[in-house]
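Working through the structure, step by step
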Amino acid sequence: MSGFVQQLPALIGVVLGALGSYLAVVRSDRARFGREQAARWEERRLSVYSDYAQALKRSVVLTYRVAAHLGNDPHPHPMALAEAEPLLAEATDGRDPAGEALIMLGSRQVVDRARVWVRVVMDMEAFLRAGTVDPKAWQGLLERQRAGREGYYTAVREDLALPPGHPARWPSMPVSGG
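An account of the accompanying structure is given in this report. Just so it is clear, the model here is predicted, and its values are computed rather than measured. (Residues numbered from 1 in each chain as written. Predicted model: local features only at pLDDT ≥ 70, side-chain atom pairs only at ≥ 80, totals over all residues. Heavy atoms only, no water.)

Under the defined criterion, the tally for this structure stands at five aromatic pairs. Ring centres 5.5 Å apart and planes at 40° place the aromatic pair Trp117 and Tyr152 in the tilted group. Placement of Trp117 in helix α3 (residues 108-129) and of Tyr152 in helix α4 (residues 135-159) is noted, with a sequence separation of 35 residues between them. Residue Trp117 is classed as buried on the basis of its relative accessible area, which comes to 0%. Classification of Tyr152 by relative accessible area gives buried; the value is 0%. Three or more aromatic residues link up through ring pairs in this structure, and these residues are Tyr52, Trp117, Tyr152 and Tyr153. (Phe/Tyr/Trp six-rings, centres within 6.5 Å; stacked < 30°, edge-to-face > 60°. Helix = DSSP H or I, 4+ residues; strand = E, 2+ residues; numbered from the N terminus. Buried < 20%, exposed > 50% of the residue type's maximum accessible area, 1.4 Å probe, protein only.)

In this section: the packing of helix α2 (residues 81-105) against α3. Close contact between α2 and α3 brings their axes to 12 Å; oriented N to C, the two are set at 165°. With respect to α3, the axis of α2 lies roughly antiparallel. Considering only the axes of α2 and α3, their crossing is left-handed. Residues Leu81, Glu85, Leu88, Thr92, Arg95, Leu102 and Ile103 of α2 touch α3, and the partners they reach there are Val110, Val111, Ala114, Val118, Val121, Met122, Glu125, Leu128 and Arg129. Here the residues of the contact of α2 with α3 sort into eleven nonpolar, one polar and four charged. (Axes fitted to C-alpha atoms, helices over the stretch in contact; angles between N-to-C directions. Parallel < 35°, antiparallel > 145°, perpendicular 65-115°, else oblique. Left-handed = near helix turned anticlockwise from the far one by under 90°. Contact = heavy atoms within 4.5 Å. Nonpolar A, V, L, I, M, F, W, Y, C, P; charged D, E, K, R; others polar.)

Core analysis: the largest hydrophobic core is formed by 35 residues, its most contacted members being Tyr49, Tyr52, Leu102, Val110, Met124, Trp138 and Tyr152. If you list the elements that add at least two residues to this core, you get α1 (2-70), α2, α3 and α4. At eleven residues, α1 tops the list of elements feeding residues into this core. Once you skip the residues sitting within four places of it in the chain, Leu102 turns out to touch Val48, Tyr49, Tyr52, Val110, Val111, Ala114 and Tyr152. (Core = buried A, V, L, I, M, F, W, Y, C linked by side-chain atoms within 4.5 Å.)

Attention shifts here to the packing of α3 against α4. α4 packs onto α3 with a crossing angle of 160° between their chain directions and a minimal axis gap of 8 Å. Classified by the angle their axes make, α3 and α4 are roughly antiparallel. Once α3 is placed against α4, the crossing between them reads as left-handed. When grouped by side-chain class, the residues that make up the contact of α3 with α4 number 16 nonpolar, four polar and six charged.

Right under this line is the structure:
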């Protein structure tokens, strides 16, 4: 028995070492799994954020073209509202699923900024559907849309811990005629 008692500390040391090693591996695996899962969700959120922005931008470009047809915007490819209406409906239909994904995966701040941006786009669409010819009022809507887009991208960058980006404020071309 004395031989066993003499080897007991070594045996306890081996068991504790094995247990410690096991716990370290488990902890390391959990940490790695957590990092990988966070990276996957971050990639998915970036994709959702990008999809929503692209869907909304389709509507914005169409409004520029219709506004040019009415004389409110200098866009080089004007389009009559009657011609644009099915494309506007298609763009709206495309942004609805993108908006649902945004609500599901987006941060509260990003979703709030997206709502600001889309409300302005809807105001732009209503302005054009009313057949309004008022380049100055249109410029006001453009400024609100640009600010909404900039706010959205700023919130996305903050949510994803990205560095600040370009505000995408290009100089506006003046509307000729008048």
